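The lines below spell out each chain.
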Amino acid sequence: MRCYVNILHPTTGTISSASFHPQQFQYTLDNNVLTLEQRKFYEENGFLVIKNLVPDADIQRFRNEFEKICRKEVKPLGLVVMRDVTISKSEYAPSEKMTTKVQDFQEDKELFRYCTLPEILKYVECFTGPNIMAMHTMLINKPPDSGNCKKTSRHPLHQDLHYFPFRPSNLIVCAWTAMEHIDRNNGCLVVLPGTHKGSLKPHDYPKWEGGVNKMFHGIQDYEENNARVHLVMEKGDTVFFHPLLIHGSGQNKTQGFRKAISCHFASADCHYIDVKGTSQENIEKEVVGIANKFYGAENSTDLKDIWMFRARLVKGERTNL
């Protein structure tokens, strides 16, 4: 299997490929996996696409398990099943048409295999080091936009660190794998290269006419003239990206559902922080409120508790997280 970085062309602006000296690396760790070119690319742009990384057979197994979840044939502990804001409860029988995302699949042995694939972990270690925690898992089933053109399949531009009460950010990375061909027609990822070098920005719900899905927070004040890169990917291609990288996805203009599977990994040496009094306080209140309702509790959890429940050691030793 030949894996290589896919140097994509931005729709506006340019991707930088600046020169580096080894002592200047701050977003990657010393390793024998990434080429110097790949390492420089991630350092400067905050993302890296590796082609044909996850085998077709594994992707088919993930697809089969997702369909079982949609049919309610399996019900893993802690799994959160989400539906698009425009889909009513009575519109479909249990099927993939009712489900736009499943997350927190750490107790589903079949889906969680994704987080332990050697092909994935060998790259993750380049960013986190040898002690690796799987922190947040998702299988995204982006739906076609409804006929009323509400465009609710869009995901606003955001930074994933907004959702995370642990640091440092440079020891966190997302692995996001396309489960089929993904392009601008069915809502590929769009990234703003180099924005991982900035700070965490305030997020909230965008004021979109058609409504916004739960917890789809977006950045309120990003620079609209920033270069954008649309990540056209084939089945098995995997993008690794920094949690401060500004990214989102467009609407799905096709009639099919667009699937991807992902996991956010962090070094076990990361530590939890208190987000009260910060720009993350709004998402903490929302996540904790949903969790208390989900588990039938009343104000008995906080954001740290939720993330500790999700976190799983996948390689090395568990230290702080």
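Keep in mind that what you see is a predicted model, and the values were worked out from it rather than measured.

A. Inspection of the side chain of His247 at higher detail. Its location among the elements puts His247 in strand β13 (residues 247–249). Of the polar contacts made by the side chain of His247, one reaches the side chain of Asp160; its length is 3.4 Å. Among residues more than four places away in sequence, those in contact with His247 are Pro156, Leu157, His158, Asp160, Val190, Val191 and Phe241.

B. Seen up close, the nonpolar core. Ranked by size, the top nonpolar core spans 56 residues in total, and within it Phe47, Tyr114, Ile120, Trp176, Phe240 and Phe265 carry the most contacts. When residues of this core are assigned to their parent elements, the largest contribution, six residues, is made by helix α4 (residues 118–128).

C. Structural view of the sheet that holds strand β8 (residues 189–191). Here four strands make up an open sheet; going across it, the order is β5-β13-β8-β11 and the pairing antiparallel. This sheet does not close on itself; its edge strands, each paired only once, are β5 (155–158) and β11 (229–230). With three bridges connecting them, β8 and β13 associate as antiparallel partners. Residue pairing for β13: Val190 is matched across the bridge by Gly248.

D. Geometry of the packing of aromatic side chains. Tallied over the full model, the rule gives nine aromatic pairs. Centroid distance Tyr42 to Phe127: 4.5 Å. Interplanar angle 45 degrees. Geometry classified as tilted. In this pair, Tyr42 sits in helix α1 (residues 36–45) while Phe127 sits in helix α4, placing the two residues 85 residues apart along the sequence. The residues Tyr42 and Phe127 share a single accessibility class, namely buried. Measuring from centroid to centroid gives 6.3 Å for Phe166 and Tyr272, while their planes differ by 85 degrees, and the two rings are edge-to-face. Of this pair, Phe166 sits in strand β6 (residues 166–167) while Tyr272 is found in strand β15 (residues 271–272), placing the two residues 106 residues apart along the sequence. Pair check on accessibility: Phe166 and Tyr272 agree, each one buried.

How each quantity is defined
- Residues numbered from 1 in each chain as written.
- Predicted model: local features only at pLDDT ≥ 70, side-chain atom pairs only at ≥ 80, totals over all residues.
- Heavy atoms only, no water.
- Helix = DSSP H or I, 4+ residues; strand = E, 2+ residues; numbered from the N terminus.
- Polar contact = N/O pair within 3.5 Å; in protein donor to acceptor, adjacent residues only side chain to side chain.
- Contact = heavy atoms within 4.5 Å.
- Core = buried A, V, L, I, M, F, W, Y, C linked by side-chain atoms within 4.5 Å.
- Buried < 20%, exposed > 50% of the residue type's maximum accessible area, 1.4 Å probe, protein only.
- Pairing = 2+ DSSP bridges.
- Phe/Tyr/Trp six-rings, centres within 6.5 Å; stacked < 30°, edge-to-face > 60°.

None of this, on its own, says anything about what the molecule does.
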